[in-house]
Amino acid sequence: MAGGSGTRLWPLSRAGFPKQFLVLSGNTSLFQQAVARLDGLANDALAVSSPVIVGNEEHRFLVLDQLRELKSEPGAVLLEPAGRNTAPAVTLAALQALESGLDPVLVVASADQTVTDGEAYTAALRSAVAMAAEGAITVLGITPDRPETGYGYIRAESQVGGARVAQFVEKPDLATAEKYVASGAYFWNAGMFVLKASVWMAALDKFRPDIASACRAAWAVRSTDAKFVRPGKAEFLAVPSESVDYAVMEKCPGVLDIRMQALDAGWNDLGAWEAVWQVAPKDAAGNAQVGDAMVSDSRNTLVHATSRLVSVVGLDDVVVVETPDAVLVASREKSQDVKNIVNQLGREQ
Ligand code: GDD
Ligand code: MG
């Protein structure tokens, strides 16, 4: 899934070049890291197809160029005329997969994350695939270290692999997140879903038949141009916008077989500048500098310069991001609220 807008990483992340295509940690973009991470999944027991990318029409050449850099050949690139959030995106991938006449397990991965331990990631995904092959909807759970409100929370019946999920709560408010973390009983949802294509379609038919039928209608009139597959434009624009988490995951526990595989692989969602600072290499005072940046008498500050020298003196816990036409200066802990600025700017950003 590579069709998000990444508004909280403005001004670097723009509508035409959103965060998943930016190089924010390491040498490749988050999208490239997500694709490369899946490379090691195949083994004697597991045949893995080429990646299927679901993204926005506007980013089709970014997707192809970045895959080419990796020497990765996509199975297909499914292009949405406009984002309708992740439930329709997964549905397009499921409908595409079912075309084969088989009912493969889908490893649904997000394109906006970093992972430091690739082997642990692969091992966790292989266990998730094994559970999904038996019909379970499988999510990956991260042990939380702070009451993050931008994530989904999972309460599993036990801490061991394959635990049944008793509750799934998407983006709780701060008081609820604090309670969940303090209880020690909750995991973060890593934003990856592993399940058979038919299991996804059946779950969507059960919980959101409106989304399922609107997606089928758009898929029925799709057009294909080499690797690009486009659902019908008017039909897809009529699909209700909803995330996988709200449309299906919150509703599954107690109704469908939903399991959690723990993931301990240095996972991070680079959702906001705070998280970019977290994963960046830092000096002894906790400052991270990218590009032509200078920092003096400051602590725990991120300075990201792209087009000129940016200097910061005597500032703590601040994020400064400079681009040719926009500059952001924000308190690090308020970096989630950058989306408010982008909302004010509208699509023109
Ligand atoms: N194709 C497509 N179309 N992709 C999309 C769309 C869309 O309309 N909207 C978002 N995506 C992609 C994003 O680019 C990202 O790779 C992924 O889907 C997840 O979307 P986000 O918008 O980043 O979701 P989130 O971070 O708020 O929440 C999800 O991930 C968290 C962990 O990172 C949820 O699954 C949470 O429960 C989870 O904790
Ligand atoms: Mg995200």
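Scroll up to find the structure this text is about.
Residues numbered from 1 in each chain as written. Chains lettered and ligands numbered in written order. Predicted model: local features only at pLDDT ≥ 70, side-chain atom pairs only at ≥ 80, totals over all residues. Heavy atoms only, no water.

Student: Please clarify how the site of ligand 1 should be interpreted in this entry.
Tutor: Within the structure, ligand 1 sits among 28 residues, and Ala111, Glu170, Asn189, Asp245 and Asp269 are positioned closest to it. Residue methionine 1 places a main-chain N or O atom 3.0 Å away from an oxygen atom belonging to ligand 1. Between ligand 1 and glutamate 170, the relevant distance is 2.6 Å, taken from an oxygen atom to a side-chain nitrogen or oxygen of the residue. When isolated, ligand 1 has an accessible area of 730 Å², and the protein chains bury 90% of it. Where the shell around ligand 1 is concerned, the elements lending two or more residues are β1 (52–56), α3 (86–98) and β8 (186–196). (Near = heavy atom within 4 Å. Polar contact = N/O pair within 3.5 Å; in protein donor to acceptor, adjacent residues only side chain to side chain. Areas by Shrake-Rupley, 256 points an atom, 1.4 Å probe, with all protein chains shown as cover. Helix = DSSP H or I, 4+ residues; strand = E, 2+ residues; numbered from the N terminus.)

Student: For this particular structure, what's the right way to read the coordination of the magnesium ion (ligand 2)?
Tutor: Reference geometry at the metal: tetrahedral coordination by four donors gives ideal angles of 109.5 degrees; octahedral coordination by six donors gives 90 or 180 degrees. Around the magnesium ion (ligand 2), the donor atoms from the protein are Asp112 (OD) and Asp269 (OD), and they sit 2.2 to 2.6 Å away. Linking aspartate 112 in the loop between β3 (105–108) and β4 (113–114) with aspartate 269 in strand β12 (residues 268–269), this pair joins segments that are 157 residues apart in sequence. Given the relative accessible area of 16%, aspartate 112 is considered buried. (Donors = N, O, S within 2.8 Å, 3.2 Å for Na, K, Ca; no water. Buried < 20%, exposed > 50% of the residue type's maximum accessible area, 1.4 Å probe, protein only.)

Student: Hey, could you run me through the nonpolar core in this one?
Tutor: Nonpolar side chains tend to gather and get buried jointly when the protein is soluble and globular. Core analysis: the biggest nonpolar cluster contains 46 residues, and Leu78, Ile137, Val139, Trp200, Val248 and Met249 have the highest contact counts within it. Looking at this core, the element that brings in the most residues is α3, giving eight residues. Setting aside anything within four residues of it in sequence, one finds isoleucine 137 in contact with Val194, Leu195, Val199, Ala203, Met249, Cys252, Leu256, Asp257, Ile258 and Arg259. Membership of the second largest hydrophobic core comes to 24 residues, among which are Leu41, Tyr151, Ala177 and Leu263. (Core = buried A, V, L, I, M, F, W, Y, C linked by side-chain atoms within 4.5 Å. Contact = heavy atoms within 4.5 Å.)

Student: It is not clear to me how the sheet that holds β1 should be interpreted in this structure. Could you clarify?
Tutor: Two modes of strand pairing occur in sheets, parallel and antiparallel, and in both the strands are linked by backbone hydrogen bonds. If you walk across this open sheet you meet the four strands as β1-β2-β10-β9, and the pairing is mixed. Edge positions in the sheet fall to β1 and β9 (223–225), since each of these pairs with one other strand and no more. Between one strand axis and the next, the sheet turns through 25° on average, direction left out of account. Across two bridges, the pairing between strand β2 (residues 76–80) and strand β10 (residues 228–230) is parallel. Note on β10: the bridge partner recorded for leucine 78 is valine 229. In this fold α3 packs onto β1, β2 and β10, with an angle of close to 140° to the strand it touches most, β2. (Pairing = 2+ DSSP bridges. Axes fitted to C-alpha atoms, helices over the stretch in contact; angles between N-to-C directions.)

Student: Help me understand the packing of aromatic side chains in this model?
Tutor: On inspection of all chains with the given rule, the structure shows seven aromatic pairs. Judged by centre distance (5.3 Å) and plane angle (65°), the ring pair of tyrosine 151 and tryptophan 267 falls under edge-to-face. Of this pair, tyrosine 151 sits in the loop between β5 (137–142) and β6 (152–156) while tryptophan 267 sits in the loop between β11 (258–262) and β12, and the two are 116 residues apart along the sequence. The burial state of tyrosine 151 is the same as that of tryptophan 267; both residues are buried. Ring geometry for tyrosine 153 versus tyrosine 180: centroids 5.6 Å apart, planes at 50°, classification tilted. Of this pair, tyrosine 153 sits in strand β6 while tyrosine 180 sits in helix α5 (residues 174–183); the two residues are 27 residues apart in sequence, bridging distant segments of the chain. (Phe/Tyr/Trp six-rings, centres within 6.5 Å; stacked < 30°, edge-to-face > 60°.)

Student: Any chance you could explain the packing of helix α6 (residues 197–207) against helix α7 (residues 209–220) here in plain terms?
Tutor: A packed helix pair is summarised by two numbers, namely the angle formed by the two axes and the spacing between the axes. The interhelical angle for the contact between α6 and α7, taken along N-to-C directions, is 125°, at an axis separation of 5 Å. The angle between α6 and α7 places the two elements in the oblique class. Every residue of α7 that contacts α6 at Met201, Leu204, Asp205, Lys206 and Phe207 is listed here: Pro209, Ile211, Ala212 and Arg216. Here the residues of the contact of α6 with α7 sort into six nonpolar, no polar and three charged. (Parallel < 35°, antiparallel > 145°, perpendicular 65-115°, else oblique. Nonpolar A, V, L, I, M, F, W, Y, C, P; charged D, E, K, R; others polar.)

Student: Could you clarify how one ought to interpret the packing of helix α1 (residues 30–37) against helix α2 (residues 60–70) in this entry?
Tutor: Between α1 and α2, whose axes approach to 10 Å, the crossing angle comes to 50°. By the criterion of interaxial angle, the relationship of α1 to α2 is oblique. Judged by the twist between their axes, the crossing of α1 over α2 is right-handed. Listed contacts from α2 to Phe31, Gln32, Val35 and Ala36 of α1 are Val63, Gln66, Leu67, Glu69 and Leu70. Grouping the constituent residues of the contact of α1 with α2 by class yields six nonpolar, two polar and one charged. (Left-handed = near helix turned anticlockwise from the far one by under 90°.)

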